Amino acid sequence: MIPKKAFFYPAAACILFLLFAANLLFGAVSIPFGEVLHILFGGDTEKAAWQHIILQSRFPQAVTALLAGASLAASGLLLQTLFKNPLAGPSILGISDGASLGVALVMLFFGNSFKLFSVYSFSGSLAMIIAAFAGACIILGIIIYFSGKVTNAVMLLIIGIMVGYLASSVISILNYYSSADRVHAYVMWGMGDFSGVSNERLPFFILCSAVGLFIAVLLIKPLNALLLGEMYAANLGIKVKRTRIVILLCTGLLTATATAFCGPVSFIGLAVPHIARLLSGSSNHTMLLPLTILSGACVALLCNLLMVFPGTDGVLPLNAVTPIVGAPVIIYVILNRKNIQYFN
């Protein structure tokens with residue numbers, strides 16, 4: 001007899017497919033269903049604008065939302081397991097702030113140089129990725145260092161928040177001394193958006209996200225061992241220090257890629273692992289990590305749909321929508337912690 005939990009994967013895959021299709025079909029501009037299918041299968045249409053909207057806007061935006069949601073959700077799960085803290089996440093522990101600081105240095109401090117880079121989409125993306133990755137890894141390194149000094153998880157969480165505040169303070173100083181156009185560009189980037197990845201940049205975004213997710217999947221066995229404690233994991237042959245570094249690099253890559261291209265997206269990395277735990281009822285990463293990745297992609301695609309007012313030209317900022325999905329989940333988790341499988 002097939003366990004009921006085994007049906008989560010095909011169900012999540014079907015929901016993912018439907019949400020991806022909905023992102024192609026619905027938007028600020030109303031396009032007939034038949035025309036959308038005709039364009040997707042390579043046919044020509046009388047209205048060139050429709051073809052541009054589907055192939056140059058909605059398709060890359062849907063792929064970006066799918067991969068960014070999966071990346072942030074996976075990084076959130078890795079951090080929650082590493083710190084054994086259900087409130088750990090890229091934004092809560094200051095990792096997104098570190099990535100934002102790296103991007104702020106590129107956009108605000110080296111603005112003129114970056115404009116030269118942006119002529120070549122790959123070079124511009126590479127500069128953003130390197131800056132975001134460096135900022136995220138620096139913050140992660142600080143958190144890992146203090147995790148060996150502080151045994152109390154709450155104190156470690158407070159340290160992460162304080163480090164995030166320091167990064168935000170530096171960003172504020174950069175904003176103060178930057179020109180109005182650079183500040184405006186950075187503020188718009190900080191609101192979050194899945195539409196910033198063009199078809200030219202999409203392969204690079206897919207490559208970085210896929211590498212990070214592949215490394216995360218390879219970490220399933222060490223993550224399960226860490227659930228039992230570091231001493232037990234060491235007895236099983238897991239090299240704990242090396243595993244920490246790999247988790248650090250994997251989380252840094254996933255967070256930096258999503259943040260560089262989409263801005264500091266909130267709540268997905270924090271809330272989605274809890275959604276996966278609620279669905280699976282397990283802390284086993286063999287089931288939990290794939291379900292977290294699928295759930296993250298679904299939530300991001302749903303948020304991307306909620307950003308658009310049907311029949312109007314209005315588009316909400318991404319970070320105005322993600323709390324609508326994420327905040328109720330966190331409140332539910334806090335009220336029902338005893339009934340949820342975390343780190344046992």
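Keep in mind that what you see is a predicted model, and the values were worked out from it rather than measured.

1. Comments concerning the overall build of the chain
Along the chain, the regular secondary structure elements total 15 helices and zero strands. Buried positions account for 50% of the 344 residues belonging to the chain. Working note: accessible area of the chain is about 16,500 Å², and carbon and sulfur atoms make up 71% of it.

2. Some details on the environment of Asp181
Positionally, Asp181 belongs in helix α8 (residues 180–190). As for Asp181 and Leu108, which are separated by 73 residues in sequence, their C-alpha atoms are 9.5 Å apart.

3. Describing unusual backbone geometry
Positive phi, normally seen in glycine, also occurs at Lys84, with a value near 50°. Its place among the elements puts Lys84 in the loop between α3 (48–83) and α4 (95–109).

4. Things to note about α8
Every α-helix carries 3.6 residues per turn, so stepping three or four residues along brings you back to the same face. Burial in α8 covers these residues: Arg182, Val183, Tyr186 and Trp189. Taken down its axis, α8 places every buried residue within 125° of arc, on the same side. Residues of α8 that are exposed and point over 90 degrees away from its buried face: Ala180 and His184. A positive phi of about 85° marks Gly192, the residue just after α8.

5. A closer look at the nonpolar core
Counting 95 residues, the largest nonpolar core has Leu78, Phe83, Phe194 and Leu289 as the members making the most contacts within it. In terms of residue count, α3 provides more of this core than any other element does, 14 residues in total. The residues contacting Leu289, other than those within four sequence positions of it, are Ala74, Leu77, Leu78, Ala216, Val217 and Ile220. With six residues, the next largest nonpolar core counts Ile31, Ile39, Ile53 and Ile54 among its residues.

6. A few points about a nonpolar patch on the surface
On the surface, a nonpolar cluster with roughly 550 Å² of combined accessible area is contributed by Val154, Met155, Ile158, Ile161, Met162 and Tyr165. Tracing the sequence through the fold places Tyr165 in helix α7 (residues 153–177).

7. Considering empty space enclosed by the protein
Counted by the stated rule, this structure contains three cavities of 30 Å³ or more. Here the largest cavity is characterised by a volume of approximately 50 Å³. Lining the largest cavity, in full, are Phe267, Ile268, Ala271, Val272, Ile275, Val299, Cys303, Thr322, Val325, Gly326 and Val329. If you list the elements that add at least two residues to the lining of the largest cavity, you get α13 (268–280), α14 (285–306) and α15 (318–335).

8. Overview of the side chain of Thr322
Locating Thr322 in the fold gives a position in helix α15. Separated by 3.0 Å, the side chains of Thr322 and Ser266 make a polar contact. With sequence-adjacent residues up to four places away left out, Thr322 is seen in contact with Val265, Ser266, Phe267, Ile268 and Cys303.

9. Some thoughts on the packing of aromatic side chains
Tallied over the full model, the rule gives six aromatic pairs. Centroid distance Tyr145 to Phe146: 5.3 Å. Interplanar angle 75°. Geometry classified as edge-to-face. Accessibility expressed as a relative area gives 28% for Phe146, which makes it partly exposed. With 6.5 Å between their ring centres and 70° between their planes, Phe204 and Phe261 make a pair best called edge-to-face. With Phe204 in helix α9 (residues 202–218) and Phe261 in helix α12 (residues 240–262), this residue pair connects regions lying 57 residues apart in the sequence. Ring-pair connections join several aromatic residues into one group, and the members of that group are Phe204, Phe205 and Phe261.

10. What about the environment of Gly237?
Mapped onto the elements, Gly237 comes out in the loop between α11 (230–235) and α12. Placed 15 residues apart in sequence, Gly237 and Pro222 show a C-alpha to C-alpha distance of 9.5 Å.

11. Some points on the layout of surface pockets
In this structure, the largest pocket encloses a volume near 450 Å³. In terms of lining residues, the largest pocket is bounded by 22 residues, among which Phe26, Gly27, Ala28, Arg58 and Val308 are the most central. Every element with two or more residues in the lining of the largest pocket is listed here: α1 (8–25), α3 and α14. Tallied by class, residues from the lining of the largest pocket come to 12 nonpolar, eight polar and two charged.

12. A few points about the environment of Leu294
Within the element layout of this structure, Leu294 appears in helix α14. Separated by 221 residues in the primary sequence, Leu294 and Ala73 have C-alpha atoms spaced 8.9 Å apart. Apart from residues no more than four positions distant in its own chain, Leu294 is found in contact with Tyr9, Ala12 and Leu16.

13. Here we look at the packing of α9 against α12
Between α9 and α12, the shortest axis-to-axis distance is 9 Å and the interhelical angle comes to 150°. For the element pair α9 / α12, the angle class is roughly antiparallel. Crossing geometry of α9 relative to α12 is assigned as left-handed. Judged by residue contacts, Phe204, Phe205, Cys208, Ser209, Val211, Gly212, Leu213, Ile215 and Ala216 of α9 engage Val246, Cys250, Leu253, Leu254, Thr257 and Phe261 from α12. For the contact of α9 with α12, the class distribution of residues is 12 nonpolar, three polar and no charged.

Conventions we followed
- Residue positions are given per chain, counted from 1 along the sequence in the order it is written.
- Only residues with pLDDT of at least 70 get local features here, since the model is predicted, and only at 80 or more are side-chain atom pairs given and counted; chain-wide, interface and lining totals rely on the full set of residues.
- Think of the side-chain values as coming from all heavy atoms in the structure, minus any hydrogens and water.
- Secondary structure is summarised from DSSP: a helix means a run of H or I of at least four residues, a strand means a run of E of at least two, and numbering begins at the N terminus for each.
- Here's how the labels work: a residue is buried when its accessible area is under 20% of the maximum for its type, exposed when over 50%, partly exposed in between, all with a 1.4 Å probe on protein chains only.
- Methods summary: accessible areas were calculated by the Shrake-Rupley approach with a probe of 1.4 Å, and residue burial reflects only the protein chains presented.
- Working definition: the arc comes from the directions between the helix axis and the C-beta atoms, pointing outward to the latter.
- We call a set of buried residues a nonpolar core when its members are Ala, Val, Leu, Ile, Met, Phe, Trp, Tyr or Cys and they connect through side-chain atoms within 4.5 Å of each other.
- Contacts: residue pairs with any heavy atoms within 4.5 Å of one another.
- Distance thresholds for patches are 9 Å for like charges and 5 Å for nonpolar side chains (Val, Leu, Ile, Met, Phe, Trp, Tyr), applied to residues having over 30% relative accessible area and no salt bridge.
- A carboxyl oxygen of Asp or Glu within 4 Å of a side-chain nitrogen of Lys or Arg is what we treat as a salt bridge.
- Cavity: a set of points on a 1 Å grid over the protein atoms alone where a 1.4 Å probe fits but cannot get out. Pocket: an open set with protein on both sides within 12 Å along at least five of seven lines, its lining residues, like those of a cavity, having an atom within 4 Å of a point.
- Grid points are joined across faces, edges and corners, and a volume is the space filled by probe spheres set on the points.
- Counting of polar contacts relies on pairs of N or O atoms within 3.5 Å, with two restrictions inside protein: one atom must be capable of donating a hydrogen and the other of accepting it, and residues adjacent in sequence are counted only when both atoms are side-chain atoms.
- To pair, rings of Phe, Tyr and Trp, with the six-membered ring standing in for Trp, must have centres within 6.5 Å; the planes then decide the type, stacked if under 30 degrees apart, edge-to-face if over 60, and tilted in the middle.
- Three classes are used: nonpolar for Ala, Val, Leu, Ile, Met, Phe, Trp, Tyr, Cys and Pro, charged for Asp, Glu, Lys and Arg, and polar for all others, with Gly counted as polar.
- Here the axes come from fitting lines to C-alpha atoms, over the contacting stretch only for helices, and the angles between their N-to-C directions go from 0 to 180 degrees.
- With respect to orientation, any angle under 35 degrees is reported as roughly parallel, any angle over 145 as roughly antiparallel, any angle of 65 to 115 as roughly perpendicular, and every other angle as oblique.
- In this scheme the handedness of a crossing depends on how the near helix is turned from the far one: anticlockwise by less than a right angle means left-handed, clockwise means right-handed.

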